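Now for the letters of each chain:
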Amino acid sequence: MSTTEQSTSIPTGTWQHDPVHSSISFAVKHSTVMTFNGGFGDWEATLADGRLEGSANVSGVRVDDENLVGHLQTPDFFDAEQFPQLRFVSSSIERDGDRIAIAGELTIKGATQPVELSGTVSGPITDGYGKERLGLDLQAVVNRHDFGVSWNADLPGGGAVLADEVTVGANLALTQADAG
Amino acid sequence: MRILAISGSLRDDSHNTELLRAAAAVAPDGVELELFDGLKDVPPYDADDDVPGDQPFAVGRFKGALREADAVLISTPEYNSSIPGVLKNALDWASRPLVESPVRNKPVAVLSSSTGMFGGVWAAAETRKVLGALGARTLDDTVSVPKADQRLAEGVDATLRDELRTVVSALAAAVEARAAAAA
């Protein structure tokens, strides 16, 4: 029997997200059959000494419809005026080979709820420019009503436009910050 | 603090206008309710007339009144299970362009009354839905008066006055919360 040695450790030091190769997203079932995707364009994430923190500005919400961008920022949804930022702070990170589970607290619209992000971890590797890089591909399913994001509308044939469960995702390309 | 009061009924002896006048009379100190009197003058929405800087005068007056108010209190009757056309039409004008709507983020509460047994609750719910689409900070606090012709025959009673005061106070609190968040 052979064994393969796998890393089970979280890199130490400070790692910051590379915005060009990273994204955060949300996906929700729409009209019972479609999946609607959106994201945020103004955000940051840092992994520092085994603790992952991130925040996104609601003003940077991204969907392919100008009016919907406007609506998502109102009290019907994220309420950018009163709650301009979403936030995640980890409390524990468990790595098992290329699998990773990150428990923490997610704050949306002023409501903080425990969330466990799970997914894969890649690296660290040294990229073509000599930078140390680490990849995290994370997802969690949350109930939007737990965060007070409860807008909905009835469909003419029955049922609701938006599902309760939303998949939130983060594809993080992290680069090690220069020491000193 | 200024709250713009809008009645969805144009009738001189409107029960909804009466509710708004009663709300004005019981408003807490420092809160002034101004009853908007120009809803009938707002023309039917026509995108050809919706020209920035050159909108119909009555539309500009309506949007200006919304913009200058700290909060809005609407009282609506229910026509055919829904919002009166004159009210919906005015809100349609106020919705354009969406991100510049004068009620965006502004606290709004909706009252209703009707001579029927449900007090216009569907019209109120649909008005709240429309206001949400406009970006308003729509409160759940409400008063609905069924059989308004009987209930208001002797005027607005003490129970109703207390309920109206509660709604106006909730609007005032929402205005203060908004100001505190901005500070």
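Residues numbered from 1 in each chain as written. Chains lettered and ligands numbered in written order. Predicted model: local features only at pLDDT ≥ 70, side-chain atom pairs only at ≥ 80, totals over all residues.

A closer look at the overall build of chain A
Phase 1 of the analysis: Each helix and strand counted, chain A has one helix and 11 strands in total.
Phase 2 of the analysis: For chain A, the N- to C-terminal ordering of α and β elements is β-β-β-β-β-β-α-β-β-β-β-β.
Phase 3 of the analysis: Dimensions of chain A, computed from C-alpha atoms along their principal axes, come out at roughly 60 × 45 × 30 Å.
Phase 4 of the analysis: Restricting the contact set of chain A to residue pairs at least 6 apart, pairs at least 24 apart contribute 51%. (Helix = DSSP H or I, 4+ residues; strand = E, 2+ residues; numbered from the N terminus. Contact = placed C-beta atoms within 7 Å.)

Remarks on the interface of chain B and chain A
Phase 1 of the analysis: The interface is formed by 10 residues belonging to chain B together with nine residues belonging to chain A.
Phase 2 of the analysis: Elements supplying a minimum of two residues to the side of chain B that touches chain A: helix 4 (121-133) and strand 5 (137-138) of chain B.

Quick word on helix 2 (residues 57-68) of chain B
Residue and element names in this part refer to chain B.
Phase 1 of the analysis: Over its 12 residues, helix 2 extends 16 Å from the first C-alpha to the last, a length consistent with the 16 Å expected when each residue adds 1.5 Å.
Phase 2 of the analysis: Among the residues making up helix 2, those that are buried are Val-59, Phe-62, Lys-63 and Leu-66. Taken around the axis of helix 2, the buried residues stretch over an arc of 90°, which confines them to a single face. In helix 2, the exposed residues that point more than 90 degrees away from the buried face are Phe-57, Gly-64 and Glu-68.
Phase 3 of the analysis: For helix 2, the elements touching its buried residues are strand 1 (2-7), strand 3 (71-76) and helix 3 (85-94). (Expected span 1.5 Å × (residues − 1). Buried ≥ 20, exposed ≤ 12 C-beta atoms within 10 Å, placed from the backbone. Arc of directions from axis to C-beta.)

Here's the deal with the packing of helix 2 of chain B against helix 3 of chain B
Residues and elements named next belong to chain B.
Phase 1 of the analysis: Close contact between helix 2 and helix 3 brings their axes to 10 Å; oriented N to C, the two are set at 75°. With respect to helix 3, the axis of helix 2 lies roughly perpendicular. Counting all contacts with helix 2, which are made through Val-59, Phe-62, Lys-63 and Leu-66, the residues of helix 3 involved are Ala-90, Trp-93 and Ala-94.
Phase 2 of the analysis: Partitioning the contact of helix 2 with helix 3 into residue classes produces six nonpolar, no polar and one charged. (Axes fitted to C-alpha atoms, helices over the stretch in contact; angles between N-to-C directions. Parallel < 35°, antiparallel > 145°, perpendicular 65-115°, else oblique. Nonpolar A, V, L, I, M, F, W, Y, C, P; charged D, E, K, R; others polar.)

Here's the deal with the nonpolar core
Residue and element names in this part refer to chain B.
Phase 1 of the analysis: Ile-3, Ala-23, Val-72, Leu-73, Val-108 and Leu-171 are the most contacted members of the largest nonpolar core, which has 48 residues in total.
Phase 2 of the analysis: Elements with a contribution of two residues or more to this core: strand 1, helix 1 (15-25), helix 2, strand 3, helix 3, strand 4 (107-113), helix 4 and helix 6 (158-182).
Phase 3 of the analysis: Ranked by residue count, the leading element in this core is helix 6, at six residues.
Phase 4 of the analysis: If we ignore the near neighbours within four places in the chain, the residues touching Val-108 are Ala-71, Val-72, Ile-74, Val-103, Leu-131, Ala-136, Arg-137, Thr-138 and Leu-139. (Core = buried A, V, L, I, M, F, W, Y, C linked by C-beta atoms within 7 Å.)

Considering the pairing of strand 10 (residues 132-143) of chain A
Residues and elements named next belong to chain A.
Phase 1 of the analysis: Sheet analysis places strand 9 (residues 111-126) next to strand 10, joined by seven bridges and oriented antiparallel. Pairing of Val-121 across the sheet is with Leu-136, part of strand 10.
Phase 2 of the analysis: The turn linking strand 9 back onto strand 10 is made up of five residues, and Gly-130 within it adopts a positive phi angle of 85°. (Pairing = 2+ DSSP bridges.)

What about the confidence of the model for chain B?
Phase 1 of the analysis: Confidence in the prediction of chain B, expressed as mean pLDDT, is 96, and 100% of residues score 70 or more.
Phase 2 of the analysis: The ipTM for the predicted assembly is 0.80, set against a pTM of 0.86. (pLDDT = per-residue confidence, 0-100.)

Observations regarding the packing of helix 1 of chain B against helix 6 of chain B
Residue and element names in this part refer to chain B.
Phase 1 of the analysis: Relative orientation of the contacting elements helix 1 and helix 6 amounts to 75°, with a least axis distance of 9 Å. Viewed along their axes, helix 1 and helix 6 adopt a mutual orientation that is roughly perpendicular. Contacts between helix 1 and helix 6 involve Leu-19, Ala-22 and Ala-23 from the first element and Leu-160, Arg-161, Leu-164 and Val-168 from the second.
Phase 2 of the analysis: Split into classes, the residues belonging to the contact of helix 1 with helix 6 amount to six nonpolar, no polar and one charged.

Comments concerning helix 4 of chain B
Residue and element names in this part refer to chain B.
Phase 1 of the analysis: The end-to-end C-alpha separation of helix 4 is 19 Å, in line with the 18 Å expected for 13 residues at 1.5 Å each.
Phase 2 of the analysis: Within the sequence span of helix 4, burial applies to Ala-123, Ala-124, Thr-127, Leu-131 and Ala-133.
Phase 3 of the analysis: Of the residues flanking the end of helix 4, it is Gly-135, one or two places downstream, whose phi is positive at about 95°.

Here's the deal with the environment of A:Lys109
Residue and element names in this part refer to chain A.
Phase 1 of the analysis: Relative to the assigned elements, Lys-109 resides in the loop between strand 8 (99-108) and strand 9.
Phase 2 of the analysis: Accessibility expressed as a C-beta count within 10 Å gives 18 for Lys-109, which makes it partly exposed.
Phase 3 of the analysis: For the pair Lys-109 and Asp-79, spaced 30 residues apart in sequence, the C-alpha to C-alpha distance is 6.6 Å.

Considerations on unusual backbone geometry
Phase 1 of the analysis: For the peptide bond that leads from A:Gly123 to A:Pro124, omega is 10°, which places it in the cis range.
Phase 2 of the analysis: Secondary-structure assignment places A:Pro124 in strand 9.
Phase 3 of the analysis: Cis geometry marks the peptide bond from B:Arg96 to B:Pro97, where omega comes out at -20°.
Phase 4 of the analysis: Topologically, B:Pro97 is positioned in the loop between helix 3 and strand 4.
Phase 5 of the analysis: Look at B:Ser81: it is not a glycine, yet its phi comes out positive at around 70°.

Re the environment of B:Gly135
Phase 1 of the analysis: Assignment of secondary structure puts B:Gly135 in the loop between helix 4 and strand 5.
Phase 2 of the analysis: Looking at B:Gly135, the number of C-beta atoms within 10 Å reads 27, which means it is buried.
Phase 3 of the analysis: For the pair formed by B:Gly135 and B:Val51, sequence separation is 84 residues and the distance between their alpha carbons is 21 Å.
Phase 4 of the analysis: Not counting the four nearest positions on each side in its chain, B:Gly135 is found in contact with A:Gly70, A:His71, A:Thr74, B:Leu98, B:Ser101, B:Val103, B:Arg104 and B:Asn105.

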